[in-house]
Amino acid sequence: MRTAALDGTTLERLLSAAVAAPSIHNTQPWRFRLAPETLTVEIRAATHRGLRHIDPTGRALHLSVGCAVLNLRVAVEHFGWEPVTRLLPRPDEPDLLATVRLGGTTRTSSHTSLYDAVWRRHSSRFPFSGRPLPTALRTELAEAAHLEGARLHCLPPRRADGVLSLTREAEHRNTTDADRATDSRRWVAETHDSGLGIPAEALGLQDSLERMPMRDFGAHRHRNGLTARPFEQRPSIAVLSTAHDRRADWLRAGQALERVLLIATAHGVRASLLHQALEWSDLREQLTAPTDARPSHAQMVIRLGYGPEGPASPRRDEALLSAPPGTPLALLPPAPEADGPCNGRTSDL
């Protein structure tokens, strides 16, 4: 549909869609500004919500913002505009990561069909069934990543085992590293009064078979007290990568990741993100096969499958301000509409 003007209600829906994106530890490391004269939304990094020890380079922060950019593009196109996107548009403003301008009337939408999935996407940290993903769906997910300038490799069992082994090693390091453990614990507790972080009910389970290395956000040194269930024996694991490893590539990878997750959601497939090995440079280098014909840099490990929907994580709930050019926009509380409820969403890198 085409909205005649960018009124407050439409702007609310656009930004609510953007912040439904996943972010590392649900830190929601983004800020939005509107330039009304050009109908351009600026997406800036909220660096004060970065993870100093887990994400010292800001790579995961950029991925998180990239996911929000993709959701904003989907919503802009849903409401009838052509989203004109620029990454890192002003080198002298390093916190300005992207702009999305509401261009002319969109011709044919490649994103509108994903709009409903924006509101239904949840990360699920629970056991999946052993049902494999159809070959056609794997191909569709790989094509989705390619459209955003990234690659998605759905791994054969032996390669998946190797990636899970690296993830287990990273998870062990994370829970025994005092600084990184503190980073994680902070964002479990943060949700109680800020609308940020991971609530206890969304933390998920541990694998009683010790095969699937699910993140322990509480960073327990002794894991015997954690709730555990058997997970799937042959998980579907995919690695998202890019040809280069610059800030713009991280933003492209975030858009590719969210596009993959939305398409998976539209097909009834759940996903959880296994980010641990990407947080250690020596392990990250091993996530892509050395025999690949083209060089690549791993950006995310994704577990896909059929299973329960994960509980929702919160979002910041603030009032939207009518702002002159350059004034920061806070976020409206979500308003119900026929296109989909804007309730809590789960996000966890």
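For the structure, check the block above.
A few points on the structure. (Residues numbered from 1 in each chain as written. Predicted model: local features only at pLDDT ≥ 70, side-chain atom pairs only at ≥ 80, totals over all residues. Heavy atoms only, no water.)

This part covers the overall build of the protein. Helix and strand counts for the protein stand at nine helices and 11 strands. Burial analysis of the protein (349 residues in total) assigns 56% to the buried set. For the protein, restricting intrachain contacts to residue pairs at least 6 apart in sequence, the fraction spanning at least 24 positions comes to 78%. Surface accessibility of the protein: about 14,500 Å² in total, with carbon and sulfur atoms responsible for 52%. (Helix = DSSP H or I, 4+ residues; strand = E, 2+ residues; numbered from the N terminus. Buried < 20%, exposed > 50% of the residue type's maximum accessible area, 1.4 Å probe, protein only. Contact = heavy atoms within 4.5 Å. Areas by Shrake-Rupley, 256 points an atom, 1.4 Å probe, with all protein chains shown as cover.)

This model, assessed by the stated rule, comprises 19 salt bridges. With a closest N to O distance of 2.9 Å, E169 and R173 form a salt bridge. Of this pair, E169 and R173 both sit in helix α5 (residues 157–176), four residues apart, which is roughly one turn of that helix. Its salt-bridge partner being R270, residue E309 comes within 3.9 Å of it at the nearest N-O pair. With E309 in the loop between β10 (297–305) and β11 (328–329) and R270 in strand β9 (residues 270–273), this pair connects stretches of sequence that are 39 residues apart. Exposure remark for E309: the relative accessible area of 44% places this residue in the partly exposed category. (Salt bridge = Lys/Arg side-chain N within 4 Å of Asp/Glu carboxyl O.)

In this section: the packing of helix α1 (residues 8–18) against helix α2 (residues 59–78). Between α1 and α2, the shortest axis-to-axis distance is 7 Å and the interhelical angle comes to 145 degrees. Every pair of crossing elements has a handedness; the one defined by α1 and α2 is right-handed. The residues of α2 that touch α1, namely those facing L14, A17 and A18, are A68, N71, L72, A75 and V76. Taken together, the residues of the contact of α1 with α2 sort by class into seven nonpolar, one polar and no charged. (Axes fitted to C-alpha atoms, helices over the stretch in contact; angles between N-to-C directions. Left-handed = near helix turned anticlockwise from the far one by under 90°. Nonpolar A, V, L, I, M, F, W, Y, C, P; charged D, E, K, R; others polar.)

Let's shift gears to the nonpolar core. Counting residues in hydrophobic clusters, the biggest one holds 83 residues, and the most contacted among them are I43, L141, L240 and I302. The greatest single-element share of this core, amounting to 11 residues, is contributed by α2. Not counting chain neighbours up to four residues away, the residues in contact with L240 comprise A145, A150, R151, L152, A253, A256, L257, H297, A298, Q299 and M300. (Core = buried A, V, L, I, M, F, W, Y, C linked by side-chain atoms within 4.5 Å.)

Helix length check: α2, at 20 residues, gives a terminal C-alpha distance of 29 Å against a target of 28 Å (1.5 Å per residue), a fit within 8%. Across the 20 residues that make up α2, a large majority, 20, are buried. Downstream of α2 by a residue or two, G80 has a phi angle that is positive, lying close to 105 degrees. (Expected span 1.5 Å × (residues − 1).)

Attention now moves to the packing of aromatic side chains. All chains considered together, the criterion is met by two aromatic pairs. Centroid distance F79 to Y115: 6.0 Å. Interplanar angle 85 degrees. Geometry classified as edge-to-face. Of the two residues, F79 is situated in the loop between α2 and β3 (81–87) and Y115 in helix α3 (residues 115–120); the sequence distance between them amounts to 36 residues. Y115 carries the same exposure label as F79, and that label is buried. Aromatic pair Y115 and W119: ring centres 5.6 Å apart, planes at 85 degrees, arrangement edge-to-face. (Phe/Tyr/Trp six-rings, centres within 6.5 Å; stacked < 30°, edge-to-face > 60°.)

Our focus in this paragraph is empty space enclosed by the protein. For the structure on display, the rule yields four cavities of 30 Å³ or more. Roughly 60 Å³ of volume is contained in the largest cavity. Along the walls of the largest cavity sit R121, H122, S123, L261, T265, V269, A271, S272 and L273, which together make up its complete lining. Counting only elements with at least two residues in the lining of the largest cavity, the list comes to α8 (247–266) and β9. Among the elements that take part in the lining of the largest cavity, β9 stands out by supplying three residues, more than any other. (1 Å grid on protein atoms, 1.4 Å probe; cavity = no way out; pocket = protein on both sides within 12 Å on 5 of 7 lines; lining within 4 Å. Points joined across faces, edges and corners; volume = space filled by probe spheres on them.)

Along the polypeptide, P213 turns up in the loop between β6 (206–207) and β7 (228–229). For the pair formed by P213 and H172, sequence separation is 41 residues and the distance between their alpha carbons is 9.2 Å. Once residues lying within four places of it in the same chain are set aside, the contact partners of P213 are L164, T167, R168, L274 and Q276.

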